[in-house]
Amino acid sequence: MSSHSKTTTDHEEIRRWVEQHDGVPAKVKGTGSDEAPGILRIDFPGGAGEEELEHVGWDVWFEKFDKSHVAFLYQQEKASGEDSTFFKLVRADE
């Protein structure tokens with residue numbers, strides 16, 4: 001069985017997938033400024049957590065996402081068939 005992944009720039013699709021996995025939009029602490037959030041991440045339960053990440057609102061997250069010209073690559077399920085929270089931001093033209 002192979003894993004299934006998808007790439008999108010659709011905000012609602014990204015938000016829906018993240019929230020289905022109990023994730024929260026975040027940035028890496030110590031990156032960015034008051035005007036820009038810095039390095040984007042998604043904080044999932046059991047992940048890096050509050051020591052490394054700072055939660056931000058979806059509006060802030062998507063503003064940086066759009067300005068960065070990236071796409072959201074995410075895995076629907078692992079090769080074993082288990083649910084997956086794997087994602088990464090890739091160049092939008094990939």
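What counts, and at which threshold
- Residues numbered from 1 in each chain as written.
- Predicted model: local features only at pLDDT ≥ 70, side-chain atom pairs only at ≥ 80, totals over all residues.
- Heavy atoms only, no water.
- Helix = DSSP H or I, 4+ residues; strand = E, 2+ residues; numbered from the N terminus.
- Rg over C-alpha atoms; globule rule 2.2 N^0.38 Å.
- Buried < 20%, exposed > 50% of the residue type's maximum accessible area, 1.4 Å probe, protein only.
- Contact = heavy atoms within 4.5 Å.
- Areas by Shrake-Rupley, 256 points an atom, 1.4 Å probe, with all protein chains shown as cover.
- Lys, Arg positive; Asp, Glu negative; His and termini not counted.
- Charge placed at Lys NZ, Arg CZ, Asp CG, Glu CD.
- Axes fitted to C-alpha atoms, helices over the stretch in contact; angles between N-to-C directions.
- Parallel < 35°, antiparallel > 145°, perpendicular 65-115°, else oblique.
- Left-handed = near helix turned anticlockwise from the far one by under 90°.

S.K.: Looking at this structure, I do not really get the overall build of the chain. What am I missing?
M.R.: Helix and strand counts for the chain stand at two helices and six strands. When the helices and strands of the chain are placed in sequence order, the string is β-α-β-β-β-α-β-β. Rg of the C-alpha trace for the chain: 13 Å, near the compact-globule value of 12 Å for 94 residues, within the 12% margin. Counting only C-alpha atoms, the chain reaches 45 × 30 × 20 Å along its principal axes. Taken across its 94 residues, the chain has 35% of its residues classed as buried. A sequence separation of at least 24 residues applies to 56% of the contacts in the chain between residues at least 6 apart. Only carbon and sulfur atoms are counted for the fraction: they give 44% of the accessible area of the chain, which is about 5900 Å². Treating the 11 positive side-chain charges of the chain as one cloud and the 20 negative ones as another, the clouds have centres 4 Å apart.

S.K.: Would you mind going over the packing of helix H1 (residues 11-20) against helix H2 (residues 58-67) with me for this structure?
M.R.: The relative placement of two packed helices comes down to the angle between their axes together with the axis-to-axis distance. Between H1 and H2, the least distance of the axes is 12 Å, while the angle of their chain directions is 125 degrees. In terms of orientation, H1 and H2 fall into the oblique class. For the pair H1 and H2, the sense of crossing is right-handed. Between H1, through His 11, Ile 14, Arg 15, Val 18 and Glu 19, and H2, the contact on the second element is made entirely by Trp 58, Trp 61, Phe 62, Phe 65 and Asp 66.

All we've got here are geometric facts, nothing functional implied.
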